[in-house]
Amino acid sequence: PKVMFFAARETAQALKTLAQAARGVAASTTDPVAAHAMLDSARDVMEGSAMLIQEAKQALAAPGDADSQQRLAQVAKAVSHSLNNCVNCLPGQKDVDVALKSIGESSKKLLVDLLPPSSKSFQEAQSELNQAAADLNQSAGEVVHATRGQSGELAAASGKFSDDFDEFLDAGIEMAGQAQTKEDQIQVIGNLKSISMASSKLLLAAKSLSVDPGAPNAKNLLAAAARAVTESINQLITLCTQQAPGQKECDNALRELETVKGMLDNPNEPVSDLSYFDCIEGVMENSKALGESMAGISQNAKTGDLLVFGECVGVASKALCGLTEAAAQAAYLVGISDPNSQAGQQGLVDPIQFARANQAIQMACQNLVDPASSPSQVLSAATIVAKHTSALCNACRIASSKTANPVAKRHFVQSAKEVANSTANLVKTIKALDGDFSEENRNKCRIATAPLIEAVENLTAFASNPEFVSIPAQISTEGSRAQEPILVSAKTMLESSSLLIKTARSLAINPKDPPTWSVLAGHSHTVSDSIKSLITSIRDKAPGQRECDYSIDGINRCIRDIEQASLAAVSQSLATRDDISVEALQEQLTSVVQEIGHLIDPIATAARGEAAQLGHKVTQLASYFEPLVLAAVGVASKTLDHQQQMTVLDQSKTLAESALQMLYAAKEGGGNPKASHTHDAITEAAQLMKEAVDDIMVTLNEAASEVGMVGGMVDSITEAMSKLDESTPADHKGTFVDYQTTVVKYSKAIAITAQEMMTKSVTNPEELGGLASQMTNDYGHLALQGRMAAATAEPEEIGFQIKTRVQELGHGCIFLVQKAGALQICPTDSYTKRELIECARAVTEKVSLVLSALQAGNKGTQACITAASAVSGIIADLDTTIMFATAGTLNAENNESFADHRENILKTAKALVEDTKLLVSGAASSQDKLAQAAQSSANTITQLAEVVKLGAASLGSDDPETQVVLINAIKDVAKALSDLIGATKGAASKPADDPSMYQLKGAAKVMVTNVTSLLKTVKAVEDEATRGTRALEATIEYIKQELTVFQSNEVPEKTSSPEESIRMTKGITMATAKAVAAGNSCRQEDVIATANLSRKAVADMLTACKVKNCFHIAVPANAAENPFHGCVRAFSPAVLCAHMLILELSLN
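Computed from a predicted model, the values in this text were never measured in an experiment. Along each chain, residue indices are assigned from 1 in the same order as the chain's sequence is written. Note on the predicted model: pLDDT of at least 70 is required for a residue's local features to be given, and 80 or more for side-chain atom pairs to be given and counted; whole-chain, interface and lining totals, by contrast, use all residues. Heavy atoms from the whole structure form the basis of all side-chain values; hydrogens and water molecules are not counted.

### Describing the overall build of the protein
For clarity, the threshold we go by: For helices the rule is a DSSP run of H or I covering at least 4 residues; for strands it is a run of E covering at least 2, with both sets numbered from the N terminus onward. Three labels apply to residues, based on accessible area from a 1.4 Å probe with only protein chains included: buried if under 20% of the type maximum, exposed if over 50%, partly exposed otherwise in between. Contacts are residue-level and defined by heavy atoms, with any inter-residue pair within 4.5 Å sufficient. Only the protein chains shown count as cover for residues, and all accessible areas are computed by the Shrake-Rupley method using a 1.4 Å probe.
The secondary structure content of the protein amounts to 37 helices and zero strands. Buried positions account for 47% of the 1148 residues belonging to the protein. A separation of at least 24 residues holds for 81% of the contacts in the protein among residues at least 6 apart in sequence. Accessible surface computed for the protein: about 54,400 Å², of which carbon and sulfur atoms make up 54%.

### What to know about the packing of aromatic side chains
This is how it is decided: Only Phe, Tyr and Trp rings are paired, with Trp represented by its six-membered ring, and only when their centres lie within 6.5 Å; those with planes under 30 degrees apart are stacked, over 60 edge-to-face, the remainder tilted.
The final tally for this structure, using the stated rule, is two aromatic pairs. Here the aromatic rings of Y276 and F277 are separated by 6.0 Å at their centres, their planes lie at 85°, and the arrangement is edge-to-face. Since its relative accessible area comes to 2%, Y276 is described here as buried. Take F277: its relative accessible area is 16%, and that puts it in the buried class. Between F412 and F462, the aromatic rings sit 5.1 Å apart at their centres with planes inclined by 70°, giving edge-to-face as the arrangement. Within this pair, whereas F412 is found in helix α14 (residues 406-435), its partner F462 is found in helix α15 (residues 439-463), the two being separated by 50 residues in sequence. Take F462: its relative accessible area is 16%, and that puts it in the buried class.

### Digging into the nonpolar core
What counts is decided by this rule: Joining through side-chain atoms within 4.5 Å is the link that ties buried Ala, Val, Leu, Ile, Met, Phe, Trp, Tyr and Cys residues into a set, and such a set is a nonpolar core.
Grouped together as the largest cluster of nonpolar side chains are 56 residues, with contacts concentrated most on Y276, L290, F309, I486, L534 and I538. Only α9 (247-260), α10 (276-303), α11 (306-337), α16 (477-509), α17 (514-540) and α20 (611-623) provide two or more residues apiece to this core. Top element by residues in this core is α11. It accounts for 18 residues. Those residues in contact with Y276, other than ones at most four positions away along the chain, are A330, L333, V334, I486, S537, I538, R539, K541, A542, P543 and A611. Within the second largest apolar cluster, 55 residues are counted, among which are I555, I596, L649 and A665.

### A closer look at the pattern of salt bridges
To keep it simple, the criterion reads: By definition, a salt bridge exists where a carboxyl oxygen of Asp or Glu is found within 4 Å of a side-chain nitrogen of Lys or Arg.
Applying the stated rule across the entire model yields 23 salt bridges. With a shortest N-O distance of 2.7 Å, E281 and K674 are connected by a salt bridge. With a gap of 393 residues between them, E281 in helix α10 and K674 in the loop between α22 (642-669) and α23 (679-705) connect regions that are remote in the sequence. Assessed through its relative accessible area of 31%, E281 is described here as partly exposed.

### As for the environment of T678
Mapping T678 onto the fold places it in the loop between α22 and α23. The exposure class of T678 is buried, given its relative accessible area of 4%. Taking the C-alpha atoms as reference, T678 lies 9.6 Å from K667; in sequence the two are 11 residues apart. Those residues within four positions of T678 in sequence are excluded, and the remaining contacts are E668 and G669.

### Points about the packing of α10 against α17
Where we set the bar: The axes used here are C-alpha line fits, helices contributing only the stretch in contact, and every angle between their N-to-C directions lies in the interval 0 to 180 degrees. Roughly parallel refers to an angle under 35 degrees, roughly antiparallel to one over 145, roughly perpendicular to one between 65 and 115, and oblique to any angle outside these ranges. Here the nonpolar group is Ala, Val, Leu, Ile, Met, Phe, Trp, Tyr, Cys and Pro; Asp, Glu, Lys and Arg are the charged ones; every other residue, Gly included, is treated as polar.
Contact geometry of α10 with α17 gives a least axis separation of 10 Å together with a crossing angle of 170°. Between α10 and α17, the angle falls in the class roughly antiparallel. On α17, the residues that touch Y276, I280, V283, M284, S287, L290, M294, S298, A301 and K302 of α10 are W517, L520, S524, V527, I531, L534, I535, S537, I538 and R539. Across the contact of α10 with α17, the residue classes break down as 14 nonpolar, four polar and two charged.

### Comments concerning the side chain of S400
With respect to the helices and strands, the residue S400 is situated in helix α13 (residues 375-402). Here S400 is in contact with K409, F412 and V413, once residues within four sequence places are set aside.

### What to know about unusual backbone geometry
Phi angles above zero are rare outside glycine, and Q572 is one such case at about 60°. For Q572, the position within the fold is in the loop between α18 (545-570) and α19 (582-609). Judged by relative accessible area, Q572 falls into the exposed class, the value being 60%.

### Some thoughts on the confidence of the model for the protein
Which entries qualify depends on this criterion: One confidence number per residue, pLDDT, is output by the predictor and ranges from 0 to 100.
Predicted confidence across the protein gives a mean pLDDT of 80, with 84% of residues reaching 70 or more. When mean pLDDT is compared element by element in the protein, α18 scores highest at 91, while helix α37 (residues 1123-1147) scores lowest at 48. Segment residues 1107-1121 is flagged for pLDDT under 50; beyond a separation of four residues in sequence, or across chains, it makes 24 contacts in the model. Overall, residues 1138-1148 carries pLDDT values under 50, and its contacts beyond four positions in sequence, including any with other chains, amount to 16 contacts.

### Brief notes about the packing of α18 against α20
At a minimum axis distance of 8 Å, the contact between α18 and α20 shows a crossing angle of 10°. One finds that α18 runs roughly parallel with respect to α20. Seen from α18, the contacting residues are E547, C548 and S551; seen from α20, they are L614, G615, V618, T619 and A622. A breakdown of the residues in the contact of α18 with α20 according to their chemical character gives four nonpolar, three polar and one charged.

### Focus: the side chain of E547
Cut-off, in case you're wondering: Under this definition, polar contacts are N or O atom pairs within 3.5 Å; protein pairs additionally need one hydrogen-donor-capable and one acceptor-capable atom, and for neighbouring residues in sequence, both atoms have to be side-chain atoms.
With respect to the helices and strands, E547 occurs in helix α18. Residue classification places E547 among the buried residues on the basis of a relative accessible area of 5%. Looking at E547, its side chain comes within polar contact range of the side chain of R546, at 3.3 Å. The residues touching E547, leaving out its near neighbours within four places in the chain, are S337, D338, P339, G615, V618 and T619.

### Brief notes about the environment of S722
Within the secondary structure layout, S722 lies in helix α24 (residues 711-723). Since its relative accessible area comes to 42%, S722 is described here as partly exposed. Among the polar contacts listed, one links the side chain of S722 to the backbone oxygen of E719, at a separation of 2.5 Å.

### So, the state of the cysteines
Spelled out, the test is: For this text, the term disulfide refers to a pair of cysteine sulfurs within 2.5 Å.
Counted according to the given criterion, the structure contains zero disulfides. Free of any disulfide, C445 has its nearest neighbouring cysteine sulfur in C365, separated by 7.8 Å. Judged by its relative accessible area of 0%, C445 is buried.

### Considerations on the environment of A12
When you line up the elements, A12 lands in helix α1 (residues 2-28). Using a relative accessible area of 43% as the deciding quantity, one classes A12 as partly exposed. Note: C-alpha distance between A12 and M46 (34 residues apart in sequence) is 9.3 Å.

Below, the structure written as structure tokens:
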């Protein structure tokens, strides 16, 4: 679906661009018919594309529906056809198509079995053929030139080419009629067919280039097509004409030189597979052959040996073409070797090859179904079809083996099968037609051509996908300037050579003309000078040499900078860099050294045999040494140990010196595979450079391992992050709520640790290691629980969001831990401190993102977690208030009495009871209602705690024990509410018979009991006679509830030692004695103090002695057998007896 989305979006954008372009073309066209045709074809593309997207949407909804897939394929074919029509409506394209059709129609004249007899003399036919050949060759050049101009120029040029071809074909048929034998006539007709095919290819290449001037290799293909036309014409002229010896060879040579001249116009594409040094060798060999042939031309023109003269002209023409090709290839290699240039990349397929095959197959199929076709024409058309379909299938096979795209691979294979199958079916009908040329067989043949044409058109459209085409080279301005000397020399050579051949042609007829001999000598001298200049330019512009010189100078400067830094380090005057941390400098230095190491083998390879890549690689290598020096000097400036300083600087200098040696060896090799005497030096320099890289990497790794010893922590966090992507165990039993609670717990712990690290970075950096370790452990737990929470979250998008944000938090923790390690190494580094604070803030922000993702998962349970956290804060605040009250410092701000607060306390307590009811019912309701109930209860308990604290303060510090009783009462309510919120969270969305529901009911009962106790305590505060009794009742209820918690399986967070547990028993002893004394005195103050002391003693005792938290004492699993449990149970009757005694006395 994602791929479908991107494809649809790109299609819409492309259609928008197409609409604008179509309107622009229509507006600039003077022919209203052409303008309407362009707009209509563009409209067809738009409508077809809309249908295509709609069908694709339906096919995506039903992946296995064969009908929808078939409709999708049909609509796609219709869109492809509409696009072809739209392209054909472009100015010039239709004219080219008309010219192609005209050539095809004219070529049918060659398919007749018997040519008409010639009505002209041989000399007349020969003269007309020569003139027609010259006109056609000139028209071919005009077509090539028109592709670089306006569309109207191509239209005129293609039309003229078509007319000239028609005249040339008539002249050729006339010449074939002059043949004395049937074999000669067949040979002439064969050459004319070759010229027809070459002419069609030329127009196809011109059409492709005019549509997409930046298409890769299109320019070379056009030039090759023009050369093919010239060569075909030359072959026919050689066969048919009877001139004075040497004349036709000169004419052929001039046509060939005119054709190859286009290679030197902006050579931004490779014209051959020659390497740079192969080009040099080619120039040398061809220049030698040219020199010998030029001497032969002059000598044989003097002696009148015109047969040898003609041979020398042919050799010279071949040598000049070879020189031009080598010069163009060398210029291309010089251009792309510039560091600012980009070399082209070979594409998966050649779209022009597919277009040519498509055109040839369509023409052949037209001949097959033409009622006027003879048996020989049918056989010829069948041969063309078989040839091109075989080439297409082979190209598909190669493309499918090269591509890594499985969709493209499958499409190429399927397309090849369709072409092959439709070809096989067509061949069967052709065989039947060859046996019986009946109308029925011809109709079957016509039907069989339709699937083949459709398959080839679909394949051609698919092959034109920009994903498969080559990427043309991008030659920079500097590269173009470097090409100029080569191109100027080559153009001068061609021009002077053409003049030389024309002059020699005249001398062959009239060798007794002295002024002409003087002109020939001048042209010969110019050719020689231009070739010498060409050789010198190619050698001087050898790829990579200039870049090697620049790189050598740059690295020499870097070595001098390192030496200056070393001198400063020796004299203890190396300035410290304060703008960056030592950790960042080490990372920079490590990265630069690694990049240098990665370039060693590519440079060695380029120096041994890839000249075009040498300049790029050495420039890239040199660019790393300036940052290398900056980072190395920076690391040394922040290193306190002098020996380590010198080690870093010396090893950096060694690396630079080895790179310098590598550059000298690479320059000497120059990318010449035949310069084997330099290869050993290149290998040796590469090995030394690798050793230098290894030495400095060892030093840097040792330094990195000392950075706060945080490497193991980083690895632990990374491993925990990687486990987030693992599958969830099949036997997990928890719910999202369970994992949500734990994730919130560890997330908040990480946030707290991050805040502490911010503080310690300024006060005690040495403590950062312990905090980093704590953060690592917390994140390990968080990642484990986060994976479970993500797996159990609904919908899946929430789970993905949770996992993503936990991973982002992991990245933040890694950065923070790394900064903590760096700061431990250099505690005074202010830059690292700032970075650590920024990382800590980032961690806090990412924790909030994790919490928000969890809240999106279950709004209600998240609200419960938040409420529970708020209640925990209230309990901690009440503990603090109890400390103030016990110390006698809890006073009212104004002169107010408890009566001023009693009603407010009672009203708020009743509101809390209502919130409690909503909270209990919310467990079975929606998440929204549960969230509202949790938030409301948290707000109400906050208000209640505040008004109770105000009421306790109003009692005055003269009665601290009563203050403590009142605050303990609200504290019991807060604890009960916290337990109730936890039980509600656990029971949310559970069935009525789930065990968590029973826990919820129990927590609700305790909550009601504690609120009732608070109300009784509030009423008893102003009644001195019942204060003590109420305090004892509250204490007895508190002890019961604490025993219940003690007997549960819940594991407390804190631990205690056996000594602490023994110390806690003393509190029980003191409370017992206090209870006995209060029973004897029967004073309310003593009774209240006994209640408060008993509460504290029992709470401390049970907390310290919770099962599984005593380290060295084997505690029985059964709570009834626990000695601490027995101690508390034994203490309870004492408090109860005191309560009964006080109650009896108060009644009396």
